[in-house]
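Reading the structure
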Amino acid sequence: EVKTDRKVLVFVSHLTDKSKGAELIIEAMEDVIKRVPDAKLEIIGTGPHEEKLKELVKTADLNGVIKFLGLMDHDKLMKYLPTRGVGLATYLDDPNSITYFADPTKPKEYLACGLPVIITRVPWIAKEIEEKPMGIAINYDKKELVDAIVKLLKDNEFYERCKENAKTFASELSWDKIYSKAFLEF
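Attention in this report is confined to the structure presented alongside it. (Residues numbered from 1 in each chain as written. Predicted model: local features only at pLDDT ≥ 70, side-chain atom pairs only at ≥ 80, totals over all residues. Heavy atoms only, no water.)

1. A word on helix 1 (residues 22-35)
This is how it is decided: We count a stretch as a helix when DSSP gives it H or I for four or more residues in a row; a strand needs E for two or more, and each element gets its number in order from the N terminus. Helices are assigned an expected span. That span is 1.5 Å times one less than the residue count. Bend, at a single residue, is the angle you get between axes fitted to the 7 residues ending at that residue and the 7 residues starting at it.
Relative to the 20 Å expected for 14 residues at 1.5 Å per residue, helix 1 spans 20 Å between its end C-alpha atoms, a close match to the ideal helical length. Approximately 30° is the largest bend angle found in helix 1, and it occurs at Met29.

Printed below as a string of structure tokens:
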């Protein structure tokens, strides 16, 4: 069993622009640490937007709270994520954004690693995450994000339930299961 540091939130993203929601998370962290002082955030990924985000973190005086880990190759990432507490997928609700219609892999990777997910209600999987529950689905809103983070960091019973559901869901996502199920229905 992997040792999980539940208080560490993780955000994996290509840091391109506002549509990925990093700003919203950084702003939310200012309020989160007032309620959960030992909460931390790790941002994994890089991109043209990274310097701007680092400036935001510095201005908000959150250097001790938010770390930029840079790029991580997929194998390392999949070993690393299970040691973290909560996965964040805060897509901006923008019908012009590819995420609006796409099937983003990020939330699935979080779930596959047993992480409860906080996700904006943009991709279809948000509905699954909310219904099972495997985390919390929110609107692209700072207060909702803060409340969701605090709930997952403080409500042990809910956190454990989401974690269990994530693991179950992830095990059902494996290809061999999908194939054997398809053959059974044949």
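2. So, the pattern of salt bridges
Applicable threshold: We define a salt bridge as a side-chain nitrogen of Lys or Arg found within 4 Å of a carboxyl oxygen belonging to Asp or Glu.
Enumeration over the complete set of coordinates arrives at eleven salt bridges. The closest approach of N and O atoms between Glu130 and Arg121, which form a salt bridge, is 2.8 Å. Via salt bridges that share partners, Asp31, Lys34 and Lys142 belong to a single interconnected network.

3. Overview of the pairing of strand 3 (residues 66-70)
Going by this rule: Only protein chains enter the area calculation, which uses a 1.4 Å probe; residues under 20% of their type maximum are buried, those over 50% are exposed, and those in between are partly exposed. The pairing criterion is simple: DSSP has to find at least two bridges between the two strands. If you view a crossover with the strands going away from you and the path from the first strand over the helix to the second runs clockwise, you call it right-handed.
Every second residue of strand 3 is oriented toward a common face, the buried set being Ile66, Phe68 and Gly70 and the non-buried set Lys67 and Leu69. Where strand 2 (residues 40-44) lies against strand 3, four bridges are found, and the strand directions are parallel. Residue pairing across strands places Leu41 opposite Ile66, the latter belonging to strand 3. Considered for its hand, the β-α-β crossover made up of strand 2, helix 2 (residues 50-59) and strand 3 is right-handed.

These figures come from the coordinates and say nothing about function on their own.
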